[in-house]
There are 2 protein chains.
Amino acid sequence: MRTSYCGDVSEALLGQEVTLMGWAHRRRDHGGVIFIDLRDRQGLVQIVCDPDRAEMFKTAEGVRGEFCLQVKGLVRARPAGTENAGLTSGKIEVLCHELVVLNPSVTPPFQLDDENLSETTRLTHRVLDLRRPQMQKNLMLRYRVAMESRKYLDEMGFVDIETPMLTKSTPEGARDYLVPSRVQDGQFFALPQSPQLFKQLLMVSGFDRYYQITKCFRDEDLRADRQPEFTQIDIETSFLTEEEIRSMFEGMIRHVFRKALNVELGDYPVMAYAEAMHRFGSDKPDLRVKLEFTELTDCMADVDFKVFSGPATTPGGRVVALRVPGGAEMSRGEIDAYTEFVKIYGAKGLAWVKVNEVAKGRDGLQSPIVKNIHDAAIAEILKRTGAQDGDILFFGADKAKVVNDAIGALRIKIGHSEFAKAKGLFEDRWAPLWVVDFPMFEHDEENNRWAAVHHPFTAPKDGHEDFMVTDPGRCIAKAYDMVLNGWELGGGSVRIHRAEVQAKVFAALNISEEDQRLKFGFLLDALQYGAPPHGGLAFGLDRLVTLMTKAESIRDVIAFPKTQRAQCLLTGAPSNVDEKQLRELHIRLRNATPAA
Amino acid sequence: MRTSYCGDVSEALLGQEVTLMGWAHRRRDHGGVIFIDLRDRQGLVQIVCDPDRAEMFKTAEGVRGEFCLQVKGLVRARPAGTENAGLTSGKIEVLCHELVVLNPSVTPPFQLDDENLSETTRLTHRVLDLRRPQMQKNLMLRYRVAMESRKYLDEMGFVDIETPMLTKSTPEGARDYLVPSRVQDGQFFALPQSPQLFKQLLMVSGFDRYYQITKCFRDEDLRADRQPEFTQIDIETSFLTEEEIRSMFEGMIRHVFRKALNVELGDYPVMAYAEAMHRFGSDKPDLRVKLEFTELTDCMADVDFKVFSGPATTPGGRVVALRVPGGAEMSRGEIDAYTEFVKIYGAKGLAWVKVNEVAKGRDGLQSPIVKNIHDAAIAEILKRTGAQDGDILFFGADKAKVVNDAIGALRIKIGHSEFAKAKGLFEDRWAPLWVVDFPMFEHDEENNRWAAVHHPFTAPKDGHEDFMVTDPGRCIAKAYDMVLNGWELGGGSVRIHRAEVQAKVFAALNISEEDQRLKFGFLLDALQYGAPPHGGLAFGLDRLVTLMTKAESIRDVIAFPKTQRAQCLLTGAPSNVDEKQLRELHIRLRNATPAA
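What counts as what
Residues numbered from 1 in each chain as written. Chains lettered and ligands numbered in written order. Predicted model: local features only at pLDDT ≥ 70, side-chain atom pairs only at ≥ 80, totals over all residues. Heavy atoms only, no water. Helix = DSSP H or I, 4+ residues; strand = E, 2+ residues; numbered from the N terminus. Buried < 20%, exposed > 50% of the residue type's maximum accessible area, 1.4 Å probe, protein only. Areas by Shrake-Rupley, 256 points an atom, 1.4 Å probe, with all protein chains shown as cover. Lys, Arg positive; Asp, Glu negative; His and termini not counted. Charge placed at Lys NZ, Arg CZ, Asp CG, Glu CD. Salt bridge = Lys/Arg side-chain N within 4 Å of Asp/Glu carboxyl O. Contact = heavy atoms within 4.5 Å. Domains from an automatic or database assignment. Pairing = 2+ DSSP bridges. Axes fitted to C-alpha atoms, helices over the stretch in contact; angles between N-to-C directions. Least-squares fit on C-alpha atoms with pLDDT ≥ 70 in both. Core = buried A, V, L, I, M, F, W, Y, C linked by side-chain atoms within 4.5 Å. Phe/Tyr/Trp six-rings, centres within 6.5 Å; stacked < 30°, edge-to-face > 60°. Buried area = accessible area lost by both parts, 1.4 Å probe. Polar contact = N/O pair within 3.5 Å; in protein donor to acceptor, adjacent residues only side chain to side chain. Nonpolar A, V, L, I, M, F, W, Y, C, P; charged D, E, K, R; others polar. UniProt positions renumbered as here; feature names shortened; annotations may be inferred. Parallel < 35°, antiparallel > 145°, perpendicular 65-115°, else oblique. Left-handed = near helix turned anticlockwise from the far one by under 90°.

## A short note on the overall build of chain A
1) Next: What chain A contains, in helices and strands, is 17 helices and 23 strands.
2) Next: Principal-axis analysis of the C-alpha atoms places the extent of chain A at approximately 90 × 75 × 55 Å.
3) Next: Looking at chain A as a whole, 60% of its 596 residues qualify as buried.
4) Next: Carbon and sulfur atoms provide 49% of the accessible area of chain A, an area that totals close to 24,100 Å².
5) Next: For chain A, the centre of its 76 positive side-chain charges and the centre of its 86 negative side-chain charges are spaced 3 Å apart.

As structure tokens, then:
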């Protein structure tokens, strides 16, 4: 029926008759002529309804916002001075010959171009909200990202294999969504938190290269960037090294940016976890921010300032400075606000030094703390930070984790501020990187045991196998994360393919043989039958697209998302169900009067 | 690491050094030389290990079935007379230079080439079962079908948009899988039976062309070709007519057969539902079977044989013959077996006539029933069936549904038999067709009400809207099924896009306003806002691939299927869960001692 999408009509069609389908985005009457902006998923085009075609004009008079219309007409140039450079169709308009109302509309509950809609309104009327050009663009880009990923993976010989949605509950990791079984009284399926075990089994089965773009589920309390169901680009391959895997999937992300955004991603540094923590206090540093930590732990042991000397002389303590060029102009109020900010991350305070004149040494500094720090230490601070006149230095001194979290967050907070942008401390670009060489284990202080940083199937670096027994904290994993602009886009690892290495990991994690069999028995069985060397990774599609569209929320790149209370305002899910349904599933409600 | 897949090494690589990864499919010693058939997902290649490389040979001596190996070697021609025409690599072998055991294997519980494995064995050891070349081929083909569908749809401007997995229970249709909500005490999500409502909402949102290859869920007792979770290629488009939709998706299936099987599907007839029932007693006739019904209802009213005259004179009754050319040679035992067979479908018996000499009229017939049928009726039977010497005629006479089911099934039973193949009554080809013009409603005798044949959002044919009120049984729908070799591959319809037409359908179906709002309120709301004309369809991917691979069961084209009792024998799902998990979900088990 249609000859072109509205948004695609351009001067290339000048003088041609077109048939368009779309919605009345705006209607206005001007000088006895009716103008309708007709909208479809590709964009807008201006329709001109002249009164000289009486029947058509009468129809046009009845058109209101969001009516669904069919328009036949002639593409002609807009009068000089009325072009709209913001539209593909901005140089033309369509002189309407025939107008058919395919379906009228009642008055929508809000204007589509209202920028100040509450999320509740938007999610309740999601069908109309999705008509907004930005939402159309977001979901079209999401599709392009997924499809270009598929094309790249297809090219590389990867095969999409579907793994089950109704699977087994493993009380490891996050909370499972459960599905009661009707056939097996008292038993439950779980929705998958990820296809991790299945993709490894597929490698053992010899499929060689697997991928899937699939829903995963976690029943956790939701933060801004989380959803109960989320989408992963899940990948696994056999017979490739860590470097080969990284190179292949760096290639995929480069391909996706090129095809979907027409962006060439540039430099893609590879940084060890230890370096990232050392320089940025974060395993997903935002490299757009041109601020770095300066290590001071080793030169603060003997200062007469307990706040610094304490952590400097305690195992696991850390002292760092964050130098902010030009920051001496910050007001006391700004500094106080940053002090409050770092407390969220457990810091007890925020020491600072304004560097007014570096040449004057101690006398050129303005600070509540310098009086307690001896000259040699001050000289060392100035030397290591490379401080210049007009800078401010912030300090973190505490357990390393607190310092990293607090000063790492401060680095981002300052780095994303208008101040940083004005001072050239923030580079507006795509800043990807690989973080590699993660530790295998971290010590869980609370339970006094070692826990897997990645997951228990991650392989140790060659030569690190014995550390699992002798010194777990020293053991480095073949694990890698891809980071973009400070967000973790994805991560993965080379897996353990030999049963005896897997057994050592379980031993280090103190998982009993009984638990191993119960939770992972089928994986351990499979590893016995000539499992190939394999590894993989998973990308968070929602997050990737949120970054690429610069959306404010993950919910702006999902067609029908849940609220923070895991509800769908459009359909009213979850909802009450019939007693008969519960009886068939062999369950009953715990509370006669539910306490929601 | 690898230079080629095992199965792809051919004479094109003669004289070249290759590196291969794979599994020891078979190992045999012959004349002091060790031969290993190395297998990967692409197929097999023969590795020759000569004793003159002592270290390599020693490794080869240790190789057992299913060891994972890396082989470097020289591609050379096989000695004359030892070629294997069944393999891509059948003209060559690889002289092994280096052999590395990447991972040994314990002895597998069965031989991979054992054709007589029980399904329980196969599903319990699915990881090894999936290594079998046939299973590798099946899942690779499945991927190719899905990917080629995506490429076609992408080309046509369709956009993959994900719809929720955690959605609202609608107690219409099949039984839902339920997911208890932790946040909303006493409430439940349902897993989707299909994305039907969401895809219509996406059309109302203006996405114009939607598709998704997605899991759907039905908690029903399983038959051979059903799974609790199954995969649909789900499609919806706006602004296309029924014919345009059919043509576009006929194009998709043609494309998929061309790309995945190198098959050109030929003629694609379009047959009205009424004609299909009339000629074949089925709305998914297998056109490979060259047998058709002969209508006799109108000429059996006055015969002195109640079995025929009863149905012929009762409203809703039907009398047909099925002529089987050459069938007069069937033994009494065969005819008895067919008589038992039709009883499954509700037939009370199976009347038959062997046509020995058609020229002799009654005297040339052999049958227990002809004595009760007058000459004119016999002449009419012979004339209408076009019976020839040596044929057999089977008869069905009962309520139309019983006749259609029983004689329709008999047509397939005979048509797929060795007899039919020998007599040329079965054409071994791909026989696609569209069945169209389904009735909108069928009368549900039990509850004395009209039920939707397709679903309640299906649009009536233009001009049939009023029949919904005056004569629902006469109302034809814009619904269509695609059939291949007697299997329903998919189906769909043009949907109702105007709220007032939707209201009429609900009235005909006697669904109360309260129920409408409760179940479909959000769809009815959406239709008010300028919903576009739209329609679509869904293909069953599992079924399509089962047909294309000629697999015996849908379970042979699914990586990790469930058994008929909806269990996963590999992982042991469903399983018991912790009391703590149930408490968090506000549910408890109904039976202290579950009665599974």
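## Topic: the side chain of R411 of chain A
Residues and elements named next belong to chain A.
1) Next: Here R411 is to be found in helix α11 (residues 400-415).
2) Next: No salt bridge is formed by the buried R411; its nearest oppositely charged neighbour, D286, is found at 6.1 Å.
3) Next: Residue contacts for R411: discarding those within four places in its chain leaves F280, D286, L287, V289, L291 and L322.

## Some words on the domain arrangement of chain A
When the parts of a complex come together, some accessible area is lost, and that lost area is often used as the size of the interface.
1) Next: By domain assignment, chain A separates into domain 1 (6-103), domain 2 (133-267 + 538-581), domain 3 (289-423) and domain 4 (432-531).
2) Next: The distance between the C-alpha centroids of domain 1 of chain A and domain 4 of chain A comes to 61 Å.

## Things to note about the sheet that holds strand β11 (residues 270-272) of chain B
Residues and elements named next belong to chain B.
1) Next: Taken in spatial order, the 8 strands of this open sheet run β6-β9-β10-β22-β21-β20-β17-β11, and their pairing is mixed. The open sheet is flanked by β6 (159-160) and β11, the only strands paired with a single partner.
2) Next: In terms of strand pairing, strand β21 (residues 487-494) meets strand β22 (residues 534-540) through 5 bridges, oriented antiparallel. By the bridge assignment, G492 is partnered in β22 with L537.
3) Next: Sheet strands touched by helix α6 (residues 242-261): β9 (209-217), β10 (229-238), β11, β17 (432-436), β20 (479-484), β21 and β22. Its angle to β20, the strand with the most contacts, is close to 20 degrees.

## Digging into the pattern of salt bridges
Side-chain pairs of opposite charge can arise whenever the charged atoms involved come near each other.
Residue and element names in this part refer to chain B.
1) Next: Inspection of every chain in the model, using the stated rule, returns 115 salt bridges over all chains.
2) Next: Of the charged contacts in the structure, one is a salt bridge between R384 and D298, with a shortest N-O distance of 2.7 Å. Taken together, the residues span a long stretch of sequence, with R384 in helix α10 (residues 375-385) and D298 in the loop between β12 (293-295) and α8 (306-313) at a distance of 86 residues.
3) Next: D298 sits in the exposed class, given a relative accessible area of 54%.

## Some details on the relation of the copies chain A and chain B
1) Next: Mapping chain A onto chain B leaves a residual RMSD of 0.1 Å; the transformation is a rotation of 180 degrees accompanied by 0.0 Å of translation along its axis. With respect to symmetry, the two chain copies, as superposed, fit the operation of a two-fold axis. In terms of proximity to the rotation axis, the leading residue of chain A is V179 of chain A, whose C-alpha is 2.5 Å off the axis.
2) Next: A share of 100% of the interface residues of chain A reappears at the interface of chain B, consistent with the copies meeting face to face through the same patch.

## Brief notes about the nonpolar core
1) Next: Formed by 204 residues in total, the largest nonpolar core has its most connected members in I235, F249 and F539 of chain A together with I235, F249 and F539 of chain B.
2) Next: Discounting residues that sit within four places of it in the chain, F249 of chain B has contacts with L153, F158, I235, W434, M482, L537 and F539 of chain B.

## Description of the packing of aromatic side chains
1) Next: Scanning the model with the defined rule gives 28 aromatic pairs over all chains in all.
2) Next: On the numbers, 4.9 Å between centres and 55 degrees between planes, the contact of F198 of chain A with F560 of chain B is tilted. You can see F198 of chain A sitting in helix α5 (residues 196-204) and its partner F560 of chain B sitting in the loop between α16 (541-549) and α17 (579-584), one on each of two chains.
3) Next: Classification of F198 of chain A as buried rests on a relative accessible area of 6%.
4) Next: Through a chain of ring-to-ring contacts, the aromatic side chains of F305, F308 and F395 of chain A assemble into a single cluster.

## Points about the interface of chain A and chain B
1) Next: At the interface, 128 residues of chain A touch 128 residues of chain B.
2) Next: Both sides of the chain A and chain B interface together cover about 11,600 Å² of buried area, and 57% of this is carbon and sulfur.
3) Next: For chain A, the biggest contributors to the area lost against chain B are F239, Y529 and R590 of chain A; these three give 8% of the whole.
4) Next: Summed over the shared surface of chain A and chain B, the result is 16 salt bridges.
5) Next: Note that D219 of chain B is salt-bridged to R182 of chain A, the shortest N-O span being 3.2 Å.
6) Next: Viewed at the interface, chain B and chain A are joined by 65 residue pairs in polar contact (both at pLDDT 80 or more).
7) Next: Class assignment for the residues of the side of chain A that touches chain B results in 66 nonpolar, 28 polar and 34 charged.
8) Next: Alignment of strand β23 (residues 587-589) of chain A against strand β23 (residues 587-589) of chain B, held across 3 bridges, turns out to be antiparallel. Residue L589 of chain A lies in a different strand from β23 of chain B, and its bridge partner there is I587 of chain B.

## Side note on the pairing of strand β13 (residues 317-324) of chain B
Residues and elements named next belong to chain B.
1) Next: When you tally the buried positions in β13, you get 6 out of 8 residues, the bulk of the element.
2) Next: Where β12 lies against β13, 3 bridges are found, and the strand directions are antiparallel. The residue bridging E295 from the neighbouring strand is V320, located in β13.
3) Next: Here β13 pairs with strand β16 (residues 391-399) via 8 bridges, running antiparallel. By the bridge assignment for β16, A321 is matched with F395.

## What to know about the UniProt feature "binding site: L-aspartate" (unreviewed entry) in chain A
Residues and elements named next belong to chain A.
1) Next: Under the UniProt annotation, the feature "binding site: L-aspartate" (unreviewed entry) is placed at E172, R218, H454 and R495.
2) Next: Tracing the backbone shows R218 in the loop between β9 (209-217) and β10 (229-238).
3) Next: Residues within four places of R218 in sequence aside, it is in contact with A174, R175, Y177, Q193, P228 and F230.
4) Next: Turning to its location among the elements, R495 is positioned in the loop between β21 (487-494) and α14 (499-508).

## Focus on the side chain of S4 of chain B
Residues and elements named next belong to chain B.
1) Next: Within the secondary structure layout, S4 lies in the segment before β1 (17-30).
2) Next: For S4, a relative accessible area of 12% puts it in the buried group.
3) Next: For S4, the contacting residues outside a window of four places in its chain are V9, L13, T19 and L20.

## Things to note about unusual backbone geometry
1) Next: A cis amide bond links A573 of chain A to the next residue, P574 of chain A, at an omega of -5 degrees.
2) Next: The residue H586 of chain A is not glycine, and still its phi comes out positive at about 65 degrees.
3) Next: Looking at the element boundaries, H586 of chain A is found in the loop between α17 (579-584) and β23.
4) Next: Non-glycine residue N510 of chain B carries a positive phi angle of around 60 degrees.
5) Next: As for its placement among the helices and strands, N510 of chain B is situated in the loop between α14 (499-508) and α15 (513-527).
6) Next: The class for N510 of chain B is exposed, based on a relative accessible area of 67%.

## Side note on the packing of α14 of chain A against helix α15 (residues 513-527) of chain A
Residue and element names in this part refer to chain A.
1) Next: Where α14 contacts α15, the axes come no closer than 10 Å and their chain directions differ by 160 degrees. In terms of axis orientation, α14 runs roughly antiparallel to α15. Taken as a pair, α14 and α15 cross one another with a handedness that is right-handed. For the pair formed by α14 and α15, the contact residues are A499, Q502 and F506 on the first element and Q516, F520, L524 and L527 on the second.
2) Next: Here the contact of α14 with α15 is composed, by residue class, of 5 nonpolar, 2 polar and no charged.

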